[in-house]
Amino acid sequence: GSFDFGLQTALGCDSSVTIDLQLNQAYNLSYPAEICDGEMFTMPDGSPIGTQGDYVSLLQTNAGCDSIITVQLVVQPLPTVDLGANDSYCLYDGNIPLNPSPNGGTLSGDLLNGNELLHEGATPGDYEVSYSYTDGNGCTYTEVQPYVLATPLEPTFDFQLICNELQLQSTTSDPKTDHEYAWFLD
């Protein structure tokens with residue numbers, strides 16, 4: 001407001017002083033904030049934080065008044081997602097139904113129709129399927145599963161029959177030498 005003062009000098013002269021006082025606001029604020037795990041929150045002073053806790057920013061207003069802003073940061077966990085896909089499939093497995101959980105997410109990827117991987121008639125190769133789910137806190141997690149639709153092996157073999165003994169020798173090409181073979185005679 002405006003304040004008038006009547007004063008007297010040391011020599012007895014009357015003086016009048018008017019003070020126009022403007023009160024500038026200083027702040028001491030506290031508020032909660034939430035982020036999802038892996039995200040960053042920007043404090044009022046511009047510094048990024050990503051760990052749960054209470055954080056204080058000391059700032060000055062445009063008028064030069066010191067202000068304190070406290071942020072009570074809560075970090076929400078990401079939802080747990082299970083896509084239910086394997087890292088490899090064989091063509092003879094046919095189409096593969098997927099039942100990701102929890103329900104309500106978005107399934108996307110290669111060779112996908114609805115919730116089924118369409119492998120019948122597909123070309124062997126590298127593919128990918130993913131499931132993205134957003135929980136009630138607004139946190140989203142996406143599980144991505146690359147997988148191989150394996151080239152079928154066409155087993156070939158040589159045999160020799162010596163007396164009553166059958167000897168079998170695989171002639172199937174195996175450049176990685178990591179396949180195992182089981183013989184079934186009927």
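On a predicted model such as this, the values are computed, not experimentally measured, just so you know.

Calculation notes
- Residues numbered from 1 in each chain as written.
- Predicted model: local features only at pLDDT ≥ 70, side-chain atom pairs only at ≥ 80, totals over all residues.
- Heavy atoms only, no water.
- Pairing = 2+ DSSP bridges.
- Helix = DSSP H or I, 4+ residues; strand = E, 2+ residues; numbered from the N terminus.
- Axes fitted to C-alpha atoms, helices over the stretch in contact; angles between N-to-C directions.
- Core = buried A, V, L, I, M, F, W, Y, C linked by side-chain atoms within 4.5 Å.
- Buried < 20%, exposed > 50% of the residue type's maximum accessible area, 1.4 Å probe, protein only.
- Contact = heavy atoms within 4.5 Å.
- Disulfide = S-S within 2.5 Å.

## Re the sheet that holds strand β10 (residues 106-109)
Working definition: the strands of a sheet are paired by backbone hydrogen bonds and lie parallel or antiparallel to each other.
Moving on, step 1. What the four strands build is an open sheet, ordered β8-β14-β13-β10; its pairing is mixed. The sheet is open, and its two borders are formed by β8 (88-90) and β10, each paired with just one other strand. When strand polarity is set aside, the average angle formed by the axes of neighbouring strands in this sheet is 25°.
Moving on, step 2. Sheet topology places β10 next to strand β13 (residues 125-134); four bridges connect them, and they run antiparallel. What sits directly across from T106, in β13, is S132.

## Brief notes about the nonpolar core
Moving on, step 1. Ranked by size, the top nonpolar core spans 15 residues in total, and within it Y89, L98, L117 and V129 carry the most contacts.
Moving on, step 2. Sorting the residues of this core by element identifies β13 and β14 (140-150) as the ones contributing at least two each.
Moving on, step 3. For this core, the leading source of residues is β13, giving four residues.
Moving on, step 4. If near-sequence neighbours (up to four positions away) are discounted, L98 is found in contact with L83, G84, A85, Y89, L107, L112, N115, L117 and V129.
Moving on, step 5. If you look at the next biggest cluster of nonpolar residues, it comprises eight residues, including A33, M43, I49 and L73.

## Considering the side chain of T70
Moving on, step 1. Among the structural elements, T70 can be located in strand β7 (residues 66-76).
Moving on, step 2. Discounting residues that sit within four places of it in the chain, T70 has contacts with L29, S30, Y31, Y55 and V56.

## Examining the state of the cysteines
Moving on, step 1. Tallying each qualifying case throughout the model produces one disulfide.
Moving on, step 2. Between C36 and C139 runs a disulfide, and the two sulfur atoms are separated by 2.1 Å. For the disulfide bridge between C36 and C139, the dihedral angle about the S-S bond is near -95°, and by the sign convention the bridge is left-handed. Here the residue C36 occupies a position in strand β3 (residues 28-36), and C139 occupies one in the loop between β13 and β14, the gap between them amounting to 103 residues.

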